[in-house]
Amino acid sequence: MNMLVLTICLAFSTAIPRILPAVFISWMHFSRGARKFLRLLPVSVMAALTFPGVIQSSPNAAACLTTIGLSVFCGLMNWPPITAVLASAGAVWLLLVLM
């Protein structure tokens, strides 16, 4: 019984910080600059999380630079993220197979 109570308490403790901001933000009106910042925030967070992994993923510097270059190119072309992932993975695979 104690595990059930603990599980319910933990579920509420993680749900509340996720639900309350969404509820309060839906009532707020943001300026144009703030909306742009909030729209770009997930992209910058993902870039900060994935960049170190890309650099450390391969001992081959050309493969790492190709991955970064293709990802930036796909982002500038407004292609879907899966396109950038598949293009980068394919290019790295080709580089590692050919070298």
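Our subject is the structure listed above.
Residues numbered from 1 in each chain as written. Predicted model: local features only at pLDDT ≥ 70, side-chain atom pairs only at ≥ 80, totals over all residues. Heavy atoms only, no water.

## A short note on the overall build of the chain
Inclusion rule: In DSSP terms, a helix is any run of H or I states spanning at least four residues, a strand is any run of E spanning at least two, and both are numbered starting from the N terminus. A radius of gyration in this sense is built from C-alpha atoms; the matching globule rule multiplies 2.2 Å by the number of residues raised to 0.38. A 1.4 Å probe rolled over the protein chains alone gives each residue an accessible area, and that area as a share of the maximum for its type sets the label: buried under 20%, exposed over 50%, partly exposed in between. What makes two residues a contact is simply this: any of their non-hydrogen atoms within 4.5 Å. Method for areas: the Shrake-Rupley scheme with a 1.4 Å probe, in which residue coverage is limited to the protein chains shown.
Looking only at helices and strands, the chain features 4 helices and 0 strands. Element order for the chain, N to C, with α for helix and β for strand: α-α-α-α. Taken over the C-alpha trace, the chain has a radius of gyration of 20 Å; the compact-globule value for 99 residues is 13 Å, which it surpasses by more than 25%. On the principal axes, the C-alpha backbone points of the chain span a range of 55 × 45 × 20 Å. Across the 99 residues that make up the chain, the buried fraction comes to 11%. In the chain, once contacts between residues fewer than 6 apart in sequence are set aside, the share between residues at least 24 apart is 37%. A total of about 8,200 Å² of accessible surface is found on the chain, and carbon and sulfur atoms cover 77% of it.

## Some details on the packing of aromatic side chains
Going by this rule: Pairing of aromatic side chains requires ring centres within 6.5 Å, counting the rings of Phe and Tyr and the six-membered ring of Trp. Pairs whose planes differ by under 30 degrees are stacked, by over 60 edge-to-face, and all others tilted.
Evaluation of the coordinates by the stated rule reveals 2 aromatic pairs. Relative to Trp-27, the ring of Phe-24 has its centre 5.8 Å away and its plane inclined at 80°; by these criteria the two rings are edge-to-face. Within this pair, Phe-24 and its partner Trp-27 are both found in helix H1 (residues 2-27), separated by 3 residues, close to a single helical turn. Owing to a relative accessible area of 45%, Phe-24 belongs among the partly exposed residues under this scheme.

## Re unusual backbone geometry
Although it is not a glycine, Asn-78 adopts a positive phi angle of roughly 60°. Looking at the element boundaries, Asn-78 is found in the loop between helix H3 (61-76) and helix H4 (81-98). Residue classification places Asn-78 among the exposed residues on the basis of a relative accessible area of 69%.

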